[in-house]
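Observations on chain architecture
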Amino acid sequence: MGKMHLLSLDREALGDFVVAELGEPRFRARQIREWMLRHVETDFGRMTNLGKKLVEKLNETADTSVLSIKSRQDSVDGTRKWALETRDGHVFEMVLIPTETRRSLCVSSQIGCAMGCTFCRTATMGFIRNLTLGEIIEQFVLATRFLRENEGPEARLSNVIFMGMGEPMHNLENVAKACETLNAEDGFGIGKNHITVSTSGIVPRIREWAQRAPDFKLAISLNGSNDTIRSSVMPVNKRWNIEALMDAADEYIQLTGQKLTFEYILIQGKTCTPESARELRRIASHRHCKINLIPLNKGEDPSLQPPSEEEILAFEAILKQGDFEVLRRRPRGPDILAACGQLAIPLKKVA
Ligand code: SAH
Ligand code: SF4
């Protein structure tokens, strides 16, 4: 039997573990949780208020860490990308994106991805497995530790985006619990509107998410302005087309009262044409939404190219006639393949 990874246990489950497995009173769970999440301490021996006996028991039965840092790459723009290795020998990535005022962490929810979007390097890995709750939360711990070592003991993450590897809605329960831990007072204390989950458009899961986690931010990767174009770059559109997706989007908006973000990738001659801009404007009009435009970061497929600056400006000009907000996402860390859609680990055989 392996040791229990304590970051995989939510508040309740940690309490149960402490009582049932360690034979300790439940308040110990609160102390352990505070050490692990608020102080991002990984060494039981340094959890000074636990007592020697309990520390011994914890060392025998439990773990605070199951990931090891395989590498870190630093972009000229300050973006940093980590390759993290799991106990079963898989590698996935997370990206820390600093700005003047923010410390945003882009986390993975899966190793690889099953969705097969043609513009995305992660898709080339295929789907390997879901990350556990503990593996998701350990990303927040590792990044926070890094910030504190570099910027001082008060440093903390300001924003978290589930835009790394994987389709978060295919790991819904773990992602929802991780969001709760990020937000919790006895967790990382990050505001709900600073936590964003991005989905390729798994329609039934969007409905489920609206019930399960209505207070966090949701982004939907639209990426095509009509079904022909969207299906040609996102196979998921053949299962749930734009109409079905918009039904779910409207339900989400109504149920949660949240403003929805539509992400829209700009590909030369494909998604970035004046006709597409008009179609997209029609889709977004009269919806409580904003549009994030993401110029394509080049991947493996030579037929997909980013548009010129003039083409982007022309597209934006049409879109901005609408009654919704339009933002352009600037690529961060392209020199280290850390930008949107560039995360991928060359497949290797596990011995
Ligand atoms: N799997 C989730 C979240 C990760 S991708 C999803 O697809 O929504 C985060 C955003 O990056 C998505 O909107 C996706 O469409 C976009 N993206 C993927 N590959 C890209 C690329 N090569 N260039 C620019 N954006 C890309
Ligand atoms: Fe998966 Fe998102 Fe990449 Fe599509 S864009 S393959 S859903 S990670």
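In the block above lies the structure referred to throughout.
Overview of the structure.

Reading guide: rules and limits
Residues numbered from 1 in each chain as written. Chains lettered and ligands numbered in written order. Predicted model: local features only at pLDDT ≥ 70, side-chain atom pairs only at ≥ 80, totals over all residues. Heavy atoms only, no water. Helix = DSSP H or I, 4+ residues; strand = E, 2+ residues; numbered from the N terminus. Buried < 20%, exposed > 50% of the residue type's maximum accessible area, 1.4 Å probe, protein only. Contact = heavy atoms within 4.5 Å. Near = heavy atom within 4 Å. Polar contact = N/O pair within 3.5 Å; in protein donor to acceptor, adjacent residues only side chain to side chain. Nonpolar A, V, L, I, M, F, W, Y, C, P; charged D, E, K, R; others polar. Salt bridge = Lys/Arg side-chain N within 4 Å of Asp/Glu carboxyl O. Phe/Tyr/Trp six-rings, centres within 6.5 Å; stacked < 30°, edge-to-face > 60°. Axes fitted to C-alpha atoms, helices over the stretch in contact; angles between N-to-C directions. Left-handed = near helix turned anticlockwise from the far one by under 90°. Arc of directions from axis to C-beta. Pairing = 2+ DSSP bridges. Core = buried A, V, L, I, M, F, W, Y, C linked by side-chain atoms within 4.5 Å.

Concerning the overall build of the protein
On a plain count of helices and strands, the protein comes out with 11 helices and 14 strands. On the principal axes, the C-alpha backbone points of the protein span a range of 70 × 40 × 40 Å. Counting every position in the protein, which comprises 351 residues, the buried fraction comes to 54%. When contacts within the protein are restricted to residue pairs at least 6 apart in sequence, those whose partners lie at least 24 apart make up 66%.

Examining the site of ligand 1
Taken together, 19 residues lie around ligand 1, and F119, G166, S198, S221 and N223 are the ones closest in. G166 places a polar main-chain atom, nitrogen or oxygen, 2.8 Å from a nitrogen atom of ligand 1. Within the backbone of C340, an N or O atom sits 3.5 Å from a nitrogen atom of ligand 1. Of all elements in the fold, only β10 (195–199), β12 (260–266) and β13 (289–295) reach the threshold of two or more residues within the shell around ligand 1. In terms of residue class, the shell around ligand 1 is built from 9 nonpolar, 9 polar and 1 charged.

Comments concerning the site of ligand 2
In the vicinity of ligand 2, the contacting residues are C113, M115, C117, F119, C120, A123, G166 and S200. For the shell around ligand 2, the residue count by class is 6 nonpolar, 2 polar and no charged.

Some thoughts on the pattern of salt bridges
Counting across every chain of the model gives 28 salt bridges. A salt bridge links R80 to D74, with the shortest nitrogen-to-oxygen separation between them at 3.2 Å. Owing to a relative accessible area of 23%, R80 belongs among the partly exposed residues under this scheme. Residue class for D74 comes out partly exposed when judged on its relative accessible area of 38%. E173 is the salt-bridge partner of R212, the closest N and O atoms lying 2.8 Å from each other. With R212 in helix α6 (residues 203–212) and E173 in helix α5 (residues 172–183), this residue pair connects regions lying 39 residues apart in the sequence. Its relative accessible area of 37% is what places E173 among the partly exposed residues.

Looking at the side chain of T271
Within the secondary structure layout, T271 lies in the loop between β12 and α10 (274–284). A distance of 2.6 Å separates a polar side-chain atom of T271 from the backbone oxygen of I265. A distance of 2.7 Å separates a polar side-chain atom of T271 from the backbone nitrogen of I267. Setting aside its immediate chain neighbours within four residues, T271 contacts N223, I229, Y264, I265, L266, S276 and F315.

Points about the packing of aromatic side chains
The relation between two aromatic rings is expressed through the spacing of the ring centres and the mutual angle of the planes. Under the definition given, this model contains 4 aromatic pairs. Ring centres 5.7 Å apart and planes at 85° place the aromatic pair F140 and F188 in the edge-to-face group. Remark: F188 occurs in the loop between α5 and β10 and F140 occurs in helix α4 (residues 133–151); sequence separation between them is 48 residues. Judged on exposure class, the residue F140 and its partner F188 are both buried. For the ring pair Y264 and F315, a centre distance of 5.5 Å and an interplane angle of 25° mean the geometry is stacked. Of the two residues, Y264 sits in strand β12 while F315 sits in helix α11 (residues 309–319), which places them 51 residues apart along the sequence. Grouping residues by exposure puts Y264 and F315 together as buried.

Description of the packing of α4 against α5
Look at α4 against α5: their axes get within 9 Å of each other, and the N-to-C directions meet at 35°. The crossing of α4 and α5 is right-handed. On α5, the residues that touch L133, I136, I137 and F140 of α4 are N174, V175, K177, A178, T181 and L182. A breakdown of the residues in the contact of α4 with α5 according to their chemical character gives 7 nonpolar, 2 polar and 1 charged.

Some words on α10
It helps to recall that an α-helix has 3.6 residues per turn; residues three or four apart then point in one direction. Those residues of α10 that sit buried are S276, A277, E279, L280, I283 and A284. Viewed along the axis of α10, the buried residues span an arc of 165°, placing them on a single side of the element. Taken together, the buried residues of α10 touch α7 (227–233), α9 (242–256), β12, β13 and α11. Positive phi shows up at H286, right after α10, with a value of about 65°.

Focus: the sheet that holds β13
Taken in spatial order, the 10 strands line up as β3-β4-β5-β6-β9-β10-β11-β12-β13-β14 in an open sheet, and their pairing is mixed. The open sheet has two free edges, formed respectively by β3 (68–74) and β14 (325–328), since each of these has just one partner strand. Across the sheet, the axes of successive neighbouring strands diverge by a mean angle of 20°, strand direction being ignored. With 3 bridges connecting them, strand β6 (residues 103–106) and strand β9 (residues 159–162) associate as parallel partners. Looking at the pairing, C106 lines up with I161 of β9.

Side note on the nonpolar core
A general feature of soluble globular proteins is that nonpolar side chains tend to end up buried together. Ranked by internal contacts, the top residues of the largest apolar core, which has 115 residues, are L6, F140, F162 and W209. Broken down by element, this core gets its largest block of residues, 9 residues, from α4. The contacts of F162, once residues within four sequence positions are left out, are V107, I136, F140, P168, V175, A178, C179, L182, I195, T196, V197 and S198.

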